[in-house]
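What follows is each chain in one-letter form.
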Amino acid sequence: MGEIKQAGLRDLPEIALLKFAMFTEVGMNHILRDDFLLAVEKTYLSLYAEEKAIHFVIRKNNVIIACAGAFLKEDIPYCFYRNSEYGFIGDVYVHPDFRKKGYARSLTNAALDWFAEKGIQTIRLLASDQAKPLYESMGFKGTDQMMLNR
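The following paragraphs examine the structure supplied in this document.

Rules behind the numbers
- Residues numbered from 1 in each chain as written.
- Predicted model: local features only at pLDDT ≥ 70, side-chain atom pairs only at ≥ 80, totals over all residues.
- Heavy atoms only, no water.
- Helix = DSSP H or I, 4+ residues; strand = E, 2+ residues; numbered from the N terminus.
- Rg over C-alpha atoms; globule rule 2.2 N^0.38 Å.
- Buried < 20%, exposed > 50% of the residue type's maximum accessible area, 1.4 Å probe, protein only.
- Contact = heavy atoms within 4.5 Å.
- Areas by Shrake-Rupley, 256 points an atom, 1.4 Å probe, with all protein chains shown as cover.
- Lys, Arg positive; Asp, Glu negative; His and termini not counted.
- Charge placed at Lys NZ, Arg CZ, Asp CG, Glu CD.
- Pairing = 2+ DSSP bridges.
- Axes fitted to C-alpha atoms, helices over the stretch in contact; angles between N-to-C directions.
- Phe/Tyr/Trp six-rings, centres within 6.5 Å; stacked < 30°, edge-to-face > 60°.
- Expected span 1.5 Å × (residues − 1).
- Arc of directions from axis to C-beta.
- Salt bridge = Lys/Arg side-chain N within 4 Å of Asp/Glu carboxyl O.

Brief notes about the overall build of the protein chain
Then step 1. Looking only at helices and strands, one finds 4 helices and 5 strands in the protein chain.
Then step 2. Secondary structure of the protein chain in N-to-C order comes out as β-α-α-β-β-β-α-β-α.
Then step 3. Taking 150 residues into account, the globule formula puts the C-alpha radius of gyration at 15 Å, and the protein chain, at 15 Å, falls close to it.
Then step 4. The dimensions of the protein chain, computed from C-alpha atoms along their principal axes, are 45 × 35 × 35 Å.
Then step 5. Counting every position in the protein chain, which comprises 150 residues, the buried fraction comes to 39%.
Then step 6. Taking contacts inside the protein chain between residues at least 6 apart in sequence as the whole, the part at least 24 apart equals 63%.
Then step 7. Taken as a whole, the protein chain presents about 9,900 Å² of accessible surface, with 51% of it coming from carbon and sulfur.
Then step 8. Looking at the protein chain, you have 19 positive and 19 negative side-chain charges, and the mean spots of the two groups are 3 Å apart.

Topic: the sheet that holds strand β1 (residues 4-6)
Then step 1. Here 5 strands make up an open sheet; going across it, the order is β1-β2-β3-β4-β5 and the pairing mixed. The sheet terminates laterally at β1 and β5 (123-125), the two strands that pair on one side only. Sheet twist, expressed as the average angle between the axes of neighbouring strands with direction ignored, equals 25°.
Then step 2. With 8 bridges joining them, strand β2 (residues 53-60) and strand β3 (residues 63-73) adopt antiparallel strand pairing. Opposite Lys60, over in β3, you have Val63 as the bridge partner.
Then step 3. Strands in contact with helix α3 (residues 103-117) are β1, β2, β3, β4 (86-94) and β5; relative to β3, the strand with the most contacts, it is inclined by about 30°.

A few points about the packing of aromatic side chains
Then step 1. Scanning the entire structure with this criterion turns up 7 aromatic pairs.
Then step 2. Look at Phe23 and Phe36: their rings are 5.9 Å apart centre to centre, the planes differ by 85°, and that puts the pair in the edge-to-face class. On the criterion of sequence distance, the pair formed by Phe23 in helix α1 (residues 12-25) and Phe36 in helix α2 (residues 36-49) is long-range, its members being 13 residues apart. Note on accessibility: Phe23 and Phe36 belong to one class, buried.
Then step 3. Ring geometry for Tyr135 versus Phe140: centroids 5.8 Å apart, planes at 80°, classification edge-to-face.

Describing α1
Then step 1. Here α1 is 14 residues long and its end C-alpha atoms lie 20 Å apart, about the 20 Å a rise of 1.5 Å per residue gives.
Then step 2. Buried within α1 we find Leu12, Ile15, Ala16, Leu18, Lys19, Met22 and Phe23. Mapping the buried residues of α1 onto a view down its axis gives an arc of 160°, with all of them on the same face.
Then step 3. In this structure, the buried residues of α1 make contact with α2, β2, β3 and β4.
Then step 4. Trailing α1 by a residue or two, Gly27 shows a phi angle of about 75°, which is positive.

Observations regarding the pattern of salt bridges
Then step 1. Evaluated as defined, the whole model comprises 8 salt bridges.
Then step 2. The partner of Lys5 in a salt bridge is Glu3, with the nearest N and O atoms 3.5 Å apart.
Then step 3. The exposure class assigned to Lys5 is partly exposed, which follows from its relative accessible area of 39%.
Then step 4. Residue Glu3 is classed as exposed on the basis of its relative accessible area of 56%.
Then step 5. The network of salt bridges with shared partners includes Arg10, Asp11 and Arg59.

As far as function goes, none of this settles anything; it's purely spatial.
In structure tokens:
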């Protein structure tokens, strides 16, 4: 298995491209902003500066083939809870040529370890149908969240 490394600022353009590939693969690229890549990079730069985000990556031949992001969030309604800050795992993506090797699990575990270091106990994520078995095997449970697309 490839070595897991913490991403740096120079990796953000490549991470943004992987994020775009992930949205495209699940058929959601039609809802993305025209300036998606730039917006992702700018937002992540800000979150990195505030120490509210981190990405873990695996490289092959100096190219990121897999990544996972960990984000600290505190939004409504959670901001009204005693423990308002929670973790959010996102940007979990493995290039199709490298799937079924345990990369997504290993990168998600790296994100979970980062949350543990910060004392974060509640972790959320959005999973594609393809990824749900992986996250369920790691102890994640479905919620009662619902969505309406108009």
